[in-house]
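Okay, here's what each chain looks like letter by letter:
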Amino acid sequence: MMADLLAAQATDVFRIGLIIALLLTTLRNRPLTGMLLPLIAGAVFVAVIIPLTGATARPEPMATQVLAGLLVNAVYIGIGLGAWSLWRGRR
């Protein structure tokens, strides 16, 4: 059940797009806002907004969906920051 929820959230195109936009915005504004707080706030926002919009009805409780969303968001942010660091290192 949890694996299905994680797989559904990991393949959600809307979530992926929001996380990419979050990363690009954070990287662009980091001299003014820093990195940590905007990334945390954005990850929480994305994790909460997607289950609340109810595009797909899931049987799991809202808290479980949000926690799974936070996990998926953290993984995607980690991958994005890793890719950015590699790209930056090669320049």
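Now for a look at the structure at hand. (Residues numbered from 1 in each chain as written. Predicted model: local features only at pLDDT ≥ 70, side-chain atom pairs only at ≥ 80, totals over all residues. Heavy atoms only, no water.)

Turning our attention to the overall build of the protein chain. Counting secondary structure elements, the protein chain contains 4 helices and 0 strands. In sequence order, the protein chain lays out its α and β elements as α-α-α-α. Here the C-alpha coordinates of the protein chain stretch approximately 45 × 25 × 15 Å along the principal axes. Per-residue burial over the protein chain gives 25% buried out of 91 residues. A fraction of 72% describes how many contacts in the protein chain between residues 6 or more apart in sequence connect residues 24 or more apart. Total accessible area on the protein chain is roughly 6,000 Å²; 72% of this is exposed by carbon and sulfur atoms. (Helix = DSSP H or I, 4+ residues; strand = E, 2+ residues; numbered from the N terminus. Buried < 20%, exposed > 50% of the residue type's maximum accessible area, 1.4 Å probe, protein only. Contact = heavy atoms within 4.5 Å. Areas by Shrake-Rupley, 256 points an atom, 1.4 Å probe, with all protein chains shown as cover.)

Leu-27 marks where helix α2 (residues 13–33) bends most, by close to 45°; the proline Pro-31 follows one to four residues later. Summarising the contacts, the buried residues of α2 are in contact with α1 (2–10), α3 (36–53) and α4 (62–90). In this structure Asp-12 caps α2, since a side-chain oxygen of it lies 3.3 Å from the backbone nitrogen of Phe-14. Downstream of α2 by a residue or two, Gly-34 has a phi angle that is positive, lying close to 85°. (Bend = angle between axes of the 7 residues up to and from the residue. Polar contact = N/O pair within 3.5 Å; in protein donor to acceptor, adjacent residues only side chain to side chain.)

The next subject is the packing of α3 against α4. Running from N to C, α3 and α4 cross one another at 135°; their axes reach a closest spacing of 8 Å. With respect to α4, the axis of α3 lies oblique. As α3 runs across α4, the sense of the crossing is right-handed. Across the interface between the two elements, Leu-39, Ala-43, Val-44, Val-46, Ala-47, Val-48, Pro-51 and Leu-52 of α3 pack against Met-62, Gln-65, Val-66, Gly-69, Leu-70, Asn-73, Ile-77 and Leu-81 of α4. Grouping the amino acids of the contact of α3 with α4 by side-chain chemistry returns 13 nonpolar, 3 polar and no charged. (Axes fitted to C-alpha atoms, helices over the stretch in contact; angles between N-to-C directions. Parallel < 35°, antiparallel > 145°, perpendicular 65-115°, else oblique. Left-handed = near helix turned anticlockwise from the far one by under 90°. Nonpolar A, V, L, I, M, F, W, Y, C, P; charged D, E, K, R; others polar.)

Function-wise, these values are silent; they only describe arrangement.
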